[in-house]
Amino acid sequence: MKKLLIILMTLLTLTACSGQKNDEQTAVDTSSLTIVTPKGAPVLAFYDQIANENYTRVTADAIGALWTGDASPDVLTVDLTSGVKAIANGAEYKLAAIITFGNFYLASTGNDDNDTMDQGDRIVLFGNENMLPSKLWHYLFGADYDADLFYEADAQQAAAALASGKCSDGTEADYVFVAQPAMFASMKKNENAKLYLDIQEAYKEKSGLDMIQAAVFLKNSVDAATGDAFLTNLETAINAAINDPELVKQGLSVYTGDEATAQYGFNPDVVVNVFKQKNASGINAMGLGFKRAIDIREDIDAFLSIFGVEKTDEEIYFK
């Protein structure tokens, strides 16, 4: 807990510095901002906010109702595509930052005799044809394996297929599109399972750009100074976590056992082990990072093009 207190003190110092105007330091208080993230990997970016009563974690399907109305928060984290589409439909938010850069992998269950993905091998994705795993899959591989695809309802069921080697309908699974940290936990249960392909690496080889997943959106009512201070604090916390994953473990220790899994959407005991692993890009296997959205507009537009979304206008960005 001592390390977490140190990083929180650092954040407070940076908050004061970020509000500097006319050569005078003016402390910018961001504590009243309401924050909502989906459960899962984005929670890791807010590990130092778990005890903050203004921070709420919800299921991914609950995010859509939060873009408008009295319940809409000051800070909303969601997948990039959904957020950009929400703004196009009138949501009063700005795209501020990207905090996850890919935690997707293709793993082998150990059932494939030749250990090579061929047509005829059963390949498990999760969600449906319109969701990110399927869109990424078809961007990388086209329609060559369409006859072999099996869609599980969600990431948890896909992870279960990797752990058991079987799809939910009882048929044998050969390869599973899965996310961290679920992949780590599943591979502990299946000694024959192994990493087959780093999806981030495959995407970068084809596009020349980094993959993008979770994005942070700031409500238009958040003034520039407060928004900038919040983003500075968030960047500092994320970088600290990458350098010392134990900070994440300490922050998430607010909840334990089954309650922690219910609160976060994952088992926090697994997180530190996953953080210590590196993906093909040389960053943590969770893909956690921080970049101001306006600084990587080219990457954002390239990623959105996979979904048929037109190039973004500069006016949607927080600057």
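Just so you know, the residues in each chain are numbered from 1, in the order the chain's sequence is written. The predicted origin of the model limits local features to residues at a pLDDT of at least 70 and limits the giving and counting of side-chain atom pairs to 80 or more, whereas totals for whole chains, interfaces and linings rest on all residues. For side-chain calculations, the full set of non-hydrogen atoms in the structure is used, while hydrogens and water are omitted.

A. Highlighting the overall build of the chain. Along its length, the chain carries eleven helices and eleven strands. The C-alpha radius of gyration computed for the chain amounts to 20 Å, which stays within 12% of the reference 20 Å derived for 319 residues, consistent with globular compactness. By definition in these notes, contact holds between two residues if any of their heavy atoms fall within 4.5 Å. For the chain, contacts bridging at least 24 residues in sequence account for 73% of all contacts bridging at least 6. All accessibility values rest on the Shrake-Rupley procedure with a 1.4 Å probe; residue burial counts only the protein chains present in the view. If you sum the accessible surface of the chain, you get close to 14600 Å²; carbon and sulfur atoms cover 47% of it. Note on charges: Lys and Arg go in the positive column, Asp and Glu in the negative column, and His and the chain ends are not counted at all. Charge positions come from single atoms, namely NZ of Lys, CZ of Arg, CG of Asp or CD of Glu. Computed over 24 positive and 45 negative side-chain charges, the separation of the two mean positions in the chain equals 4 Å. Secondary structure elements follow DSSP: runs of H or I of four or more residues count as helices, runs of E of two or more count as strands, with numbering from the N terminus. Between the two quantities, the radius of gyration covers C-alpha atoms and the globule rule is 2.2 Å times the number of residues to the power 0.38.

B. Molecular detail of the nonpolar core. Core analysis: the largest hydrophobic core is formed by 103 residues, its most contacted members being L80, L95, L136, F230, L252, I300 and F303. In terms of residue count, the dominant contributor to this core is helix α7 (residues 224-243) (seven residues). Among residues more than four places away in sequence, those in contact with L136 are F104, F177, I199, Y203, M211, F303 and I306. Remark: nonpolar core denotes a set of buried residues (Ala, Val, Leu, Ile, Met, Phe, Trp, Tyr, Cys) joined through side-chain atoms within 4.5 Å. A 1.4 Å probe rolled over the protein chains alone gives each residue an accessible area, and that area as a share of the maximum for its type sets the label: buried under 20%, exposed over 50%, partly exposed in between.

C. Structural context of the packing of aromatic side chains. When the centres of two rings from Phe, Tyr and Trp lie within 6.5 Å, Trp using its six-membered ring, the rings pair. Their planes under 30 degrees apart give stacked, over 60 give edge-to-face, and anything left gives tilted. Applying the stated criterion across every chain yields a total of 16 aromatic pairs. Among the aromatic residues, ring-to-ring pairing joins Y139, Y203, F303 and F307 into one connected group.

D. Local environment of the sheet that holds strand β5 (residues 104-108). The five strands are arranged β7-β6-β8-β5-β9 in an open sheet whose pairing can be described as mixed. The open sheet has two edge strands, β7 (149-152) and β9 (194-198), and neither has a second partner. Here the strands of the sheet are splayed against their neighbours by 35° on average, with no regard to which way each runs. Bridging between β5 and β9 involves four bridges; their strand directions are antiparallel. Paired with L106 across the bridge in β9 is L197. The axes used here are C-alpha line fits, helices contributing only the stretch in contact, and every angle between their N-to-C directions lies in the interval 0 to 180 degrees. Each of β5, β8 (175-179) and β9 is contacted by helix α6 (residues 199-207), which is oriented at about 20° to β9, the strand it contacts most. Strand pairing is assigned whenever DSSP detects at least two bridges linking the two strands.

E. The arrangement of the pattern of salt bridges in detail. We define a salt bridge as a side-chain nitrogen of Lys or Arg found within 4 Å of a carboxyl oxygen belonging to Asp or Glu. Applying the stated criterion to the full structure yields five salt bridges. K204 is the salt-bridge partner of D210, the closest N and O atoms lying 3.0 Å from each other. Linking D228 and R292 is a salt bridge whose minimum nitrogen-to-oxygen distance equals 3.0 Å. Residue D228 is found in helix α7, and its partner R292 is found in strand β11 (residues 288-292); the two are separated by 64 residues along the sequence. Using a relative accessible area of 26% as the deciding quantity, one classes D228 as partly exposed. Where salt bridges share partners, they join K204, D210 and K291 into one cluster.

Keep in mind these values describe shape, not function.
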